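Structural description and commentary
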Amino acid sequence: MAETFRALWIDKSSGDHQASLTEKSVDDLMAGDVLVRVEYSTVNFKDGLAITNAFPIVRQYPMVGGIDLAGTVISSDSDQFKAGQRVLVNGYGLSEDHFGGYAGMARLKSEWLVPIPEAFTAAQAMAIGTAGYTSMLCVLALEQNGMTPDDGPILVTGAAGGVGSVAVSLLAGLGFHVIAGTGRDSEADYLKSLGAKEILPRAELEGDTRPLDKERWAGAVDVAGGKVLANVISMTKYDGVVAACGVAAGIDLPSNVMPFILRDVTLAGCDSVMAPMPRRLAAWQRLARDLNISHLESMTEEVDLAQVIDLAPQILAGKVRGRIVVKVS
């Protein structure tokens with residue numbers, strides 16, 4: 001009899017999108033050349049969307065949720081990986097069209113797997129997860145476009161969330177003057193403990209956008225999109241860079257060409273789902289070198305897989321601070 005394990009199952013067989021905890025076996029898994037025992041996953045904004053169906057993330061039903069996973073290879077038909085090796089996966093369609101990390105086992109394509117850096121445990125790798133890995137992609141985008149601490153302050157929107165918390169810590173550790181944008185005044189002390197020098201109320205970024213506004217920061221990491229991103233761009237200094245990676249405030253961009261033409265502002269999009277492997281490896285290598293582990297621990301809460309469904313609407317409502325690690329098996 002095949003071994004069974006818990007899985008967060010997203011189904012539409014009754015006509016409505018439903019998420020529930022159930023038991024599955026290896027025989028239920030999708031195709032792949034590497035079988036992994038999943039130890040930890042995490043809860044990202046995108047996971048909240050997939051579980052609640054607030055946005056159509058799931059493209060194939062039924063589906064196992066979880067865009068991240070970390071664990072140990074059980075068996076492999078690939079020369080790249082062997083039994084006992086510690087691996088992680090971020091994105092690549094997990095919980096969209098391939099079973100994700102909210103299950104005790106996962107069968108995956110070997111080209112999706114990243115060896116967990118020696119600096120991290122599996123739990124720490126998921127404390128970072130897609131959110132932290134995306135943060136590093138944004139930092140790399142700022143650096144590749146010439147940003148240095150000498151250029152001036154860097155704004156991080158949604159700073160108390162997962163991407164934002166890691167971005168604040170990373171940028172502060174690299175010597176940048178970080179302005180933390182948040183809609184939660186109560187998180188000011190938390191953000192300063194991660195290295196933020198200033199706190200910017202989110203309300204200052206939610207009004208109608210002017211073609212060009214007062215120059216306030218040299219660059220930014222934006223998780224919001226919508227009016228927030230438009231205002232961030234309009235207040236970016238000459239020759240500045242904005243790394244955009246999220247749509248928490250909307251997918252529209254009510255902006256104009258003036259900041260790009262008259263101030264030479266660069267808008268750099270940062271995708272975590274299908275980023276090529278060399279970029280992923282570079283991001284994880286930099287995380288192993290630059291991320292403050294004590295900051296990571298201070299921003300992380302561990303929960304059981306059974307708690308994830310209840311957490312999904314909370315993360316969409318902006319009520320989750322930092323990172324949530326999910327103990328899967």
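Just above, that's the structure.
The notes below deal with the structure included here. Computed from a predicted structure; not experimentally measured.

Cut-offs applied
- Residues numbered from 1 in each chain as written.
- Predicted model: local features only at pLDDT ≥ 70, side-chain atom pairs only at ≥ 80, totals over all residues.
- Heavy atoms only, no water.
- Salt bridge = Lys/Arg side-chain N within 4 Å of Asp/Glu carboxyl O.
- Helix = DSSP H or I, 4+ residues; strand = E, 2+ residues; numbered from the N terminus.
- Buried < 20%, exposed > 50% of the residue type's maximum accessible area, 1.4 Å probe, protein only.
- Core = buried A, V, L, I, M, F, W, Y, C linked by side-chain atoms within 4.5 Å.
- Pairing = 2+ DSSP bridges.
- Right-handed = clockwise from strand over helix to strand, strands pointing away.
- Expected span 1.5 Å × (residues − 1).
- Patch = residues over 30% accessible without salt bridge, like charges linked within 9 Å, V, L, I, M, F, W, Y side chains within 5 Å.
- Areas by Shrake-Rupley, 256 points an atom, 1.4 Å probe, with all protein chains shown as cover.
- Phe/Tyr/Trp six-rings, centres within 6.5 Å; stacked < 30°, edge-to-face > 60°.
- Lys NZ or Arg CZ within 6 Å of the ring centre and 35° of its normal.

**Notes on the pattern of salt bridges**
- Evaluation of the coordinates by the stated rule reveals 15 salt bridges.
- Residue Lys-46 pairs with Glu-96 through a salt bridge whose shortest N-O separation is 2.7 Å. On the criterion of sequence distance, the pair formed by Lys-46 in helix H1 (residues 45–52) and Glu-96 in the loop between strand S6 (86–90) and strand S7 (105–108) is long-range, its members being 50 residues apart.
- Its salt-bridge partner being Arg-210, residue Asp-213 comes within 3.6 Å of it at the nearest N-O pair.
- Residue Asp-213 is classed as buried on the basis of its relative accessible area of 17%.
- Among the charged side chains, a salt-bridge network with shared partners connects Lys-46, Arg-59, Glu-96 and Asp-97.

**Points about the nonpolar core**
- Core analysis: the largest hydrophobic core is formed by 96 residues, its most contacted members being Tyr-102, Leu-108, Leu-113, Leu-171, Trp-284 and Leu-287.
- Residue contributions to this core peak at 13 residues, all from helix H2 (residues 122–144).
- By size, the runner-up hydrophobic cluster in this structure holds 15 residues, among which are Leu-155, Leu-205, Ala-224 and Val-232.

**Some remarks on the sheet that holds strand S2 (residues 18–25)**
- Reading across the sheet, the 3 strands line up as S2-S1-S4 and stay open at both edges, with antiparallel pairing between neighbours. Here the strands that pair on one side only, and so sit at the sheet edges, are S2 and strand S4 (63–64).

**Quick word on the pairing of strand S12 (residues 217–222)**
- For S12, the tally of buried residues reaches 6 of 6 residues, placing the bulk of the element in the interior.
- Sheet topology places strand S9 (residues 154–156) next to S12; 3 bridges connect them, and they run parallel. In the sheet register, Ile-154 faces S12, and the bridge partner there is Gly-219.
- Bridge analysis of S12 against strand S13 (residues 236–244) gives 5 bridges, and the strand direction is parallel. Looking at S13, one finds that Trp-217 is bridged to Thr-236.
- Crossover connection from S12 via helix H5 (residues 226–234) to parallel S13: handedness right-handed.

**Let's talk about helix H3 (residues 162–173)**
- Between the first and last C-alpha of H3 there are 17 Å, a value that for 12 residues agrees with the 16 Å anticipated at 1.5 Å per step.
- In terms of burial, H3 is largely enclosed, as 10 of its 12 residues are buried.
- Buried within H3 we find Gly-162, Val-163, Gly-164, Ser-165, Val-166, Ala-167, Val-168, Ser-169, Leu-170 and Leu-171.
- Just beyond H3, the residue with positive phi is Gly-175, at close to 100°.

**Here's the deal with a nonpolar patch on the surface**
- Taken together, the side chains of Val-257, Met-258, Ile-261 and Leu-262 define a hydrophobic patch exposed on the protein surface, amounting to about 380 Å² of accessible area.
- Counting through the fold element by element, Ile-261 comes out in helix H6 (residues 258–262).

**What to know about the packing of aromatic side chains**
- Summed over all chains, the structure comprises 3 aromatic pairs.
- Both rings, one in Trp-9 and one in Phe-99, keep their centres 5.5 Å apart while their planes meet at 75°; by these two values the pair is edge-to-face. Residue Trp-9 is located in strand S1 (residues 4–11), and its partner Phe-99 is located in the loop between S6 and S7; the two are separated by 90 residues in the primary sequence.
- By relative accessible area, which is 13% here, Trp-9 ends up buried.
- Sitting over the ring of Trp-9, Lys-24 keeps its end group 3.9 Å from the ring centre.
- Directly above the aromatic system of Tyr-190 lies the positively charged group of Arg-321, at a separation of 4.2 Å from the ring centroid.

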